[in-house]
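Descriptive analysis of the structure
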Amino acid sequence: MQVLTSYRRSGKGVTDPGHRGERSPVVRARVFAAAVLGPIVAGYVVVAALFGLVTAMAPAGEFAIGGVLRAAGPGWLAAYQVPVEIAGRPLGVLPLLATIGALALVARSAATATRRLGYAEPGATVPLIAAVTSGHALAGLGIALFDDSAGVRVEPLSAFAVPAVLAGVAAAAGAASQSGGAAAVRDYLDPLAVRGLRAGALGLAGLLAVGALVHTVALVLASGTIRQLFAANAPGFGSGAGMLLLSLGYLPNAVVGGLAFVTGPGFSIGSFSAGAFSFTGGPVPGLPVLAGVPEHAAPWWPVLMLLPAGVGALLGWSLRRADENPFARLRIVGIAGALVGFGCVLLGTLAGGRLGGGAFDPVSIPVGLVSVAAFGWIAVPGGLIAWFAGPHARPEPAPEPEEPEVEPEIEAELENLDAELEELESEAEEEAGEPAEEDPELDSGAEPEDEPDDSEEQPPTDGKPDEPS
């Protein structure tokens, strides 16, 4: 009797050869566990390793494994944008680089599990996405309830909901990349809408690139300030390494701030605020990543808004031949601008937050104004160029009126009537073509006798011959 059954992985997924392609329950559970627990455990280990490295390199730090492991729990939550309180001070401005890494890890795990399980339809991945979401929700709630880090507090509801939402979105994106979700969305949506979403993603990437360019140039110009900040706030190799890691973690936040600056509305850190048309001085955190923040206003700042306008113009130029109808091209640009505005709202919300309740609190980006400005920089120049640089569809000729359909019975009767009418016409032509009867006298050449004139008087006759005179 066979007790153990071996399972193999085919090219299309984990299957049981003895059950005609059915998924193996054992290996399927193993794949689910790897997809759910893998990102959680890996993220926790990475956070703990970074904390341990920074603590070990710090000149006055005391390295303790227990303390590092306890601190890694709130650090893992911070990577998922869960606000924490440290010694009663709120910390809501969290590093976006850690969030990007954590979500990328979740998406990759979901994609790997989808491929191994052989899911070929988007609906089949729902249990996997639900498992990943539930795992992150329970992990966040467990850390919030049972973590005993001294002076660190996390709101349980936020720890339960925020990681679940972010991990669910990342898992859905990763699973869709392997199960044909993108193709299903393309089949469901209008082709113009799909083209607009693609253009919106490119437009948002272009605005982020513009923000990164402006921030990079500002850091290069402020290289002397960066050296002073390292020397004053992080002397020594260990402290400098920790300051560098912290600055790298907040680099995407600074790029989003640069995007808000070049689009016009700007950003604020406590009492400090800077925009293309406004400036209010104030203290700024001594992080090297913020060394490029200006100390005073400059009259040429509005010129920087030509950069997002150029992104919109390039986007419109790329869509000039998307459709022959100019109104269809305007629709594509409008969808792209709407996606860019929504992306700016999401990025601005994640990049800001509370910062200790002191002079630097809060760090905020006016997401409403930034989204409207970003939409305008994409839609206005992009729409104008897409309208005038592309072809214009000529009006189609009016369709010729179609002949009314005739029922088969009536059509047969009409054919019979036409045939009878043709027969009658042919008989009439034959009768009209017969020669007239000829007079025999005319044929012999004799002249016809003169017929008596009825107008002359004839003597009465009584049957007797005329008497001679």
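Preceding this paragraph is the structure being described.
Because the structure is predicted, anything quoted here is derived from the model rather than measured. (Residues numbered from 1 in each chain as written. Predicted model: local features only at pLDDT ≥ 70, side-chain atom pairs only at ≥ 80, totals over all residues. Heavy atoms only, no water.)

Overview of the overall build of the protein chain
Going by this rule: Comment: elements are numbered from the N terminus, with helices defined as DSSP H or I runs of at least four residues and strands as E runs of at least two. Here's how the labels work: a residue is buried when its accessible area is under 20% of the maximum for its type, exposed when over 50%, partly exposed in between, all with a 1.4 Å probe on protein chains only. In this analysis, two residues are considered to be in contact whenever any of their non-hydrogen atoms come within 4.5 Å of each other. Shrake-Rupley sampling with a 1.4 Å probe provides the accessible areas, and residues are treated as covered by the protein chains on show and by no other component.
Along its length, the protein chain carries 15 helices and nine strands. Within the protein chain, the fraction of its 469 residues that count as buried is 35%. Of all intrachain contacts in the protein chain linking residues separated by at least 6 positions in sequence, the fraction that spans at least 24 positions is 72%. Total accessible area on the protein chain is roughly 28500 Å²; 63% of this is exposed by carbon and sulfur atoms.

Overview of the pattern of salt bridges
This is how it is decided: One speaks of a salt bridge when a side-chain nitrogen belonging to Lys or Arg is within 4 Å of a carboxyl oxygen belonging to Asp or Glu.
Within this structure, the stated rule accounts for three salt bridges. Across the pair Arg 331 and Asp 190 runs a salt bridge, and its minimum N-O distance is 2.7 Å. Placement of Arg 331 in helix α12 (residues 326–351) and of Asp 190 in the loop between α6 (181–188) and α7 (191–221) is noted, with a sequence separation of 141 residues between them. Take Asp 190: its relative accessible area is 31%, and that puts it in the partly exposed class. Note that Arg 354 and Asp 361 form a salt bridge whose closest N and O atoms lie 2.8 Å from each other. According to the relative accessible area criterion, Arg 354 is partly exposed, its value standing at 41%. Classification of Asp 361 as buried rests on a relative accessible area of 16%.

Things to note about empty space enclosed by the protein
Which entries qualify depends on this criterion: The rule is simple: put a 1 Å grid over the protein atoms alone, call a set of points where a 1.4 Å probe fits but cannot get out a cavity, call an open set with protein on both sides within 12 Å along at least five of seven lines a pocket, and count a residue as lining if it has an atom within 4 Å of a point. Grid points are joined across faces, edges and corners, and a volume is the space filled by probe spheres set on the points. Charged residues are taken to be Asp, Glu, Lys and Arg, nonpolar residues to be Ala, Val, Leu, Ile, Met, Phe, Trp, Tyr, Cys and Pro, and polar residues to be all remaining types, Gly included.
Applying the stated criterion across every chain yields a total of one cavity of 30 Å³ or more. Residue lining of the largest cavity: Val 256, Leu 259, Ala 260, Cys 344, Leu 347, Gly 348, Ile 365 and Val 370, and that is the complete set. Counting residues per element, the ones that place at least two in the lining of the largest cavity are α10 (251–263) and α12. The residue makeup of the lining of the largest cavity, split by class, is seven nonpolar, one polar and no charged.

What about a negative patch on the surface?
Applicable threshold: Like charges are joined within 9 Å and nonpolar side chains (Val, Leu, Ile, Met, Phe, Trp, Tyr) within 5 Å, but only among residues with over 30% relative accessible area and no salt bridge; these make up the patches. Charged-residue counts in this description rest on Lys and Arg as positive and Asp and Glu as negative, His and the chain ends being excluded. Taken as the charge location is NZ of Lys, CZ of Arg, CG of Asp or CD of Glu.
On the surface, a cluster of negative charge is contributed by Glu 415, Asp 418, Glu 420, Glu 422, Glu 423, Glu 425, Glu 427, Glu 429, Glu 430 and Glu 431. Note on Glu 425: relative accessible area 44%, which makes it partly exposed.

Section: the layout of surface pockets
Leftover empty space is mapped by rolling, across the atoms, a probe with the size of a water molecule. The calculated volume of the second largest pocket comes to roughly 630 Å³. Along its surface, the second largest pocket is lined by 20 residues, and Leu 103, Leu 204, Leu 346, Leu 347 and Leu 350 are the ones closest to its centre. Those elements giving two or more residues to the lining of the second largest pocket turn out to be α3 (96–117), α5 (156–179), α7, α10 and α12. Examining the composition of the lining of the second largest pocket, we find that six residues originate from one element, α12, more than from any other. When grouped by side-chain class, the residues that make up the lining of the second largest pocket number 18 nonpolar, two polar and no charged.

Here we look at the sheet that holds strand β7 (residues 272–274)
The criterion, for reference: Two strands pair under a simple rule: DSSP has to find at least two bridges between them.
An order of β8-β7-β6-β9 is seen for the four strands of this open sheet, with the pairing classed as antiparallel. In the strand order of this sheet, the two ends are held by β8 (279–280) and β9 (363–364), each with one partner. The pairing of strand β6 (residues 267–269) with β7 spans three bridges and is classified as antiparallel. By the bridge assignment for β7, Ile 269 is matched with Phe 272.

A word on the sheet that holds strand β4 (residues 89–91)
Rule in force here: Fitted lines through C-alpha atoms serve as axes, helices being fitted only where they are in contact, and the angles separating the N-to-C directions of these axes extend from 0 to 180 degrees.
An order of β4-β3-β5 is seen for the three strands of this open sheet, with the pairing classed as antiparallel. Only two strands of the sheet have a single neighbouring strand rather than two, namely β4 and β5 (152–154). This sheet shows a mean twist of 30° between the axes of neighbouring strands, independent of strand direction. Looking at chain direction, strand β3 (residues 84–86) and β5 are connected through three bridges and run antiparallel. Following the sheet pairing, Glu 85 is matched in β5 by Arg 153.

Here's the deal with the nonpolar core
Here is the rule we go by: Nonpolar cores were defined as sets of buried Ala, Val, Leu, Ile, Met, Phe, Trp, Tyr and Cys residues, with membership established by side-chain atoms within 4.5 Å.
If you look at the biggest cluster of nonpolar residues, it comprises 43 residues, and the most contacted ones within it are Leu 207, Phe 261, Val 340, Cys 344 and Ile 365. The set of elements that each furnish at least two residues to this core consists of α7, α10, β6, β7, α11 (306–318), α12 and α13 (367–388). Among the elements that make up this core, the one with the highest residue count is α12 (seven residues). Those residues in contact with Val 340 that lie beyond four places of it in its chain are Gly 200, Gly 203, Leu 204, Leu 207, Ala 374 and Ile 378. With 21 residues, the next largest nonpolar core counts Val 36, Trp 76, Val 106 and Ala 144 among its residues.

Topic: the side chain of Asp 361
Rule in force here: We define a polar contact as two N or O atoms separated by no more than 3.5 Å, with the added condition that, inside protein, one atom must be a possible hydrogen donor and the other a possible acceptor, whereas residues neighbouring each other in sequence contribute only through side-chain atom pairs.
Along the chain, Asp 361 falls in the loop between α12 and β9. There is a polar contact of 2.8 Å between the side chain of Asp 361 and the side chain of Arg 354.

Section: the environment of Ile 365
Here Ile 365 shows up in the loop between β9 and α13. Residues Ile 365 and Ser 273, 92 residues apart in the sequence, show an inter-C-alpha distance of 9.7 Å. Every residue in contact with Ile 365, bar those within four places of it in the chain, is listed here: Val 256, Gly 257, Ala 260, Gly 266, Phe 267, Gly 348, Ala 351 and Val 370.

Overview of the environment of Ala 159
As for its placement among the helices and strands, Ala 159 is situated in helix α5. Sequence separation between Ala 159 and Ala 139 is 20 residues; the distance between their C-alpha atoms is 8.4 Å. Ignoring any residue separated from it by four or fewer positions in sequence, one finds Ala 159 in contact with Leu 77, Val 82, Ala 137, Gly 140, Leu 141, Ala 144 and Val 154.

Digging into α11
Rule in force here: Between the first and last residue of a helix there are one fewer steps than residues, each counted as 1.5 Å, and that sum is the expected span.
Helix length check: α11 (13 residues) gives 18 Å between terminal C-alpha atoms against 18 Å at 1.5 Å per residue, within 8%. What α11 keeps buried is the set Pro 308, Ala 309, Val 311, Gly 312, Ala 313, Leu 315 and Gly 316. Buried positions along α11 lie against α7, α10, α12 and α13.

Overview of helix α4 (residues 126–146)
Helix length check: α4, at 21 residues, gives a terminal C-alpha distance of 30 Å against a target of 30 Å (1.5 Å per residue), a fit within 8%. Taken as a whole, α4 has its buried residues at Leu 128, Ile 129, Val 132, Gly 135, His 136, Ala 137, Gly 140, Ile 143 and Ala 144.

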